[in-house]
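Each chain, letter by letter, is given below.
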Amino acid sequence: MKIIELDLTGCKYLAEVHERIRVAFGFSEDYGCNWDAFWDFLWSECDADQVVIRGEYSLSKDFDKPLSKMHEALEDNIKFRKDNNLEPFSYRIIN
């Protein structure tokens with residue numbers, strides 16, 4: 001089972017969140033650092049069985065909207081994969 005661990009602990013800026021996403025998922029430098037690019041790269045480059053997100057609850061309330069966008073992209077991608085008979089992944093948030 002391939003598990004990707006995304007640690008968001010201590011992030012201060014959205015750009016830092018996207019850089020941690022790029023590194024954790026092994027996305028190329030072409031990753032566009034926005035939620036549309038995140039969805040696209042999840043679909044095309046993510047071969048994980050599970051994504052574990054750490055440190056999300058430690059971030060300031062300023063991250064509530066961006067994190068909801070991240071969750072939406074994860075959920076939409078899982079649904080897209082299931083609808084197209086592709087291998088889905090799961091994700092969970094832990095602290």
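The rules behind the values
- Residues numbered from 1 in each chain as written.
- Predicted model: local features only at pLDDT ≥ 70, side-chain atom pairs only at ≥ 80, totals over all residues.
- Heavy atoms only, no water.
- Pairing = 2+ DSSP bridges.
- Helix = DSSP H or I, 4+ residues; strand = E, 2+ residues; numbered from the N terminus.
- Axes fitted to C-alpha atoms, helices over the stretch in contact; angles between N-to-C directions.
- Contact = heavy atoms within 4.5 Å.
- Buried < 20%, exposed > 50% of the residue type's maximum accessible area, 1.4 Å probe, protein only.
- Right-handed = clockwise from strand over helix to strand, strands pointing away.
- Expected span 1.5 Å × (residues − 1).
- Arc of directions from axis to C-beta.

### Considerations on the sheet that holds strand 1 (residues 3-7)
Moving on, step 1. With parallel pairing, three strands are arranged side by side in an open sheet as 1-2-3. Edge positions in the open sheet fall to strand 1 and strand 3 (90-94), since each of these has one partner strand only. Each adjacent strand pair in this sheet contributes to an overall mean axis angle of 20°, direction not counted.
Moving on, step 2. Note that strand 1 and strand 2 (residues 50-54) share five bridges and pair parallel. The residue bridging Glu 5 from the neighbouring strand is Val 52, located in strand 2.
Moving on, step 3. Sheet contacts for helix 1 (residues 14-25): strand 1 and strand 2; angle to strand 1, the most-contacted strand, approximately 160°.
Moving on, step 4. Most of the contacts of helix 3 (residues 64-83) go to strand 3, to which it runs at about 155°, and overall it touches strand 1, strand 2 and strand 3.

### Some remarks on the pairing of strand 2
Moving on, step 1. A large share of strand 2 lies buried, amounting to four of its five residues.
Moving on, step 2. Across five bridges, the pairing between strand 2 and strand 3 is parallel. Directly across from Arg 54, in strand 3, lies its bridge partner Ile 94.
Moving on, step 3. Note that the unit made of strand 2, helix 3 and strand 3 has a crossover that is right-handed.

### Side note on helix 3
Moving on, step 1. Under the 1.5 Å per step criterion, the end-to-end length of helix 3 is 28 Å for 20 residues, consistent within 8% with the ideal 28 Å.
Moving on, step 2. Residues of helix 3 that are buried include every one of Pro 66, Leu 67, Met 70, His 71, Ala 73, Leu 74, Asn 77, Ile 78 and Arg 81, and no others. What you see down the axis of helix 3 is that its buried residues fit within an arc of 155°, all on one side. Exposed and oriented more than 90 degrees from the buried face of helix 3 are Lys 65, Lys 82 and Asp 83.

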